[in-house]
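Take a look at the letters that make up each chain.
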Amino acid sequence: MSIRHDSLSVTWLGYATVRIETADDFVAYLDPGRYGVLDDYYARDGDLVCITHNHHYDSDGIERVAKEDATVVVYEGVDASDIDRDVKAVDELDYDVVRVGEEDHLTVGDIGQVDLWSLPAYNEPDGPHADENGDVVHPRGLGCAFMLSLGGRTVFWPGDSDALDGFRELEVSLFLANIGGSVVMDRHEAADLAEALDPDLVLPIHYNTIELLETDEEAFVTDVAKRGIPVVLDERSANQ
């Protein structure tokens, strides 16, 4: 199932994988792959592929979604040698690979179809997802968030992060809410962030694909809707 957001068609394929298509057929993917979400999926229609951090880096997933001439934007901290899975090194990917830091901006497409910004994304050592020693699964520098401007809309994917105060300053049309909890913002924190962002639409993702991310997506939807913010589920992915 896909959801519509004005001129955009948006599909959550499971885990952190999202496909976004504009009315003029530009296709972007966020964090494609892992945990079987792309089994039997060989679209290879992606003009742009964005990778936030090591946990979401899957070279096979990239090859399943990217066109031959795709631009693949990878956070500078992604390092295959630090990943205990069988993945290609980033510099072995046969695409136009662009590395970004925490606060970069670039334009992708022959006629500038997409503006992309990277933003800091992490668990705060004194935050709700740190252990008693202040250790976190996603320290600052491990990954980033992405905001895309395409098809006249802005799409925000916070990656694996707490609901950072800086996020609240963004102007967002579509908020891809990370509601899995445990090592990322939970549904309550994501709902509070949605209220602060006041987007045109919220689509929750990154939940229930694995046990670590189990949550009550229906309760999230009810919470956000009660705050007067439009919210929708991609029910096919939510029930997989």
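The structure under discussion appears in the preceding block.
Keep in mind it's a predicted model, so treat the numbers as computed, not measured. (Residues numbered from 1 in each chain as written. Predicted model: local features only at pLDDT ≥ 70, side-chain atom pairs only at ≥ 80, totals over all residues. Heavy atoms only, no water.)

A. Examining the sheet that holds strand β1 (residues 3–5) more closely. Pairing in this open sheet of seven strands is mixed, and the strands run β1-β2-β3-β4-β5-β6-β7 from one edge to the other. The strands lining the two open edges of the sheet, one partner per strand, are β1 and β7 (96–100). Ignoring strand direction, the axes of neighbouring strands in this sheet form an average angle of 20°. Note: β1 against strand β2 (residues 8–14), three bridges, orientation antiparallel. Residue pairing across strands places His-5 opposite Leu-8, the latter belonging to β2. (Pairing = 2+ DSSP bridges. Helix = DSSP H or I, 4+ residues; strand = E, 2+ residues; numbered from the N terminus. Axes fitted to C-alpha atoms, helices over the stretch in contact; angles between N-to-C directions.)

B. Spatial organisation of the layout of surface pockets. Empty space within the largest pocket amounts to approximately 170 Å³. Lining the largest pocket are Phe-26, Asp-47, Asp-69, Ala-70, Thr-71, Val-108, Gly-109, Asp-110 and Gln-113. Element by element, the count of residues in the lining of the largest pocket is highest for strand β6 (residues 66–75), at three residues. In terms of residue class, the lining of the largest pocket is built from three nonpolar, three polar and three charged. (1 Å grid on protein atoms, 1.4 Å probe; cavity = no way out; pocket = protein on both sides within 12 Å on 5 of 7 lines; lining within 4 Å. Points joined across faces, edges and corners; volume = space filled by probe spheres on them. Nonpolar A, V, L, I, M, F, W, Y, C, P; charged D, E, K, R; others polar.)

C. Local environment of the pattern of salt bridges. Taken as a whole, this structure holds 11 salt bridges when the rule is applied. Two residues, Arg-19 and Glu-21, come together in a salt bridge whose shortest N-O distance is 2.9 Å. Its relative accessible area of 21% is what places Glu-21 among the partly exposed residues. For the salt bridge of Asp-60 with Arg-64, the shortest nitrogen-to-oxygen distance reads 2.7 Å. On the criterion of helical spacing, the pair formed by Asp-60 and Arg-64 is a turn pair, its members being four residues apart in helix α1 (residues 59–65). A relative accessible area of 39% means that Asp-60 is categorised as partly exposed. (Salt bridge = Lys/Arg side-chain N within 4 Å of Asp/Glu carboxyl O. Buried < 20%, exposed > 50% of the residue type's maximum accessible area, 1.4 Å probe, protein only.)

That is the geometry; function is a separate question.
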